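# Breakdown of the fold
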Amino acid sequence: MAECTHLDQVRVTELPQAIAGCEECLKTGDRWVHLRMCLTCGKIGCCDSSPNRHARQHAGDDGHELARSAEPGEDWAYCFADDVFLQVA
Ligand SMILES: [Zn+2]
Ligand SMILES: [Zn+2]
Ligand SMILES: [Zn+2]
């Protein structure tokens, strides 16, 4: 069974009250499909179904491997490094 070794990176689990969209896509005027929030710094990025995959890019650039879904009613998280799904506590 796959395990995540990055749980000590988690700093932020609560979603902000209002989410405008993927921070990087908003800068460039691009579109996204679903949103993810980095559990280390709270950055909002777009999912792997989105053209720019900013959540995954952020994990690679900053080493913040864990992100949660920022979609309403979804409370799962995902580790990009370990390719495992987790439940946000
Ligand atoms: Zn991990
Ligand atoms: Zn994006
Ligand atoms: Zn981050």
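What this report covers is the structure whose coordinates are included nearby. Treat the numbers as computed from the prediction; the structure is a model and nothing was measured. (Residues numbered from 1 in each chain as written. Chains lettered and ligands numbered in written order. Predicted model: local features only at pLDDT ≥ 70, side-chain atom pairs only at ≥ 80, totals over all residues. Heavy atoms only, no water.)

## Points about the coordination of the zinc ion (ligand 2)
Protein coordination at the zinc ion (ligand 2) comes from Cys22 (SG), Cys25 (SG), Cys46 (SG) and His54 (ND1), with a distance range of 2.0 to 2.3 Å. Taken together, the four donor atoms surrounding the zinc ion (ligand 2) define angles of 103 to 115° at the centre, an arrangement classified as tetrahedral. Mapping the donors of the zinc ion (ligand 2) onto the primary sequence yields the spacing C-x2-C-x20-C-x7-H. A residue pair is termed long-range when its members are at least 10 positions apart, and cysteine 25 in helix H1 (residues 23-28) and histidine 54 in helix H2 (residues 54-62) qualify at 29 residues. Histidine 54 matches cysteine 25 in its accessibility class, with the two residues each being buried. (Donors = N, O, S within 2.8 Å, 3.2 Å for Na, K, Ca; no water. Tetrahedral: all angles 85-135°; square planar, octahedral: opposite > 155°, others 65-115°. Helix = DSSP H or I, 4+ residues; strand = E, 2+ residues; numbered from the N terminus. Buried < 20%, exposed > 50% of the residue type's maximum accessible area, 1.4 Å probe, protein only.)

## A closer look at the nonpolar core
Grouped together as the largest cluster of nonpolar side chains are 14 residues, with contacts concentrated most on Cys4, Cys22, Leu35, Leu39, Leu66 and Cys79. When contributions to this core are tallied by element, the ones reaching two or more residues are strand S1 (35-38), strand S2 (44-46) and strand S4 (76-79). If near-sequence neighbours (up to four positions away) are discounted, cysteine 4 is found in contact with Leu66, Cys79, Asp82, Val84 and Leu86. Core analysis: the next-biggest nonpolar cluster, separate from the first, contains five residues, Ala55, Ala59, Ala67 and Tyr78 among them. (Core = buried A, V, L, I, M, F, W, Y, C linked by side-chain atoms within 4.5 Å. Contact = heavy atoms within 4.5 Å.)

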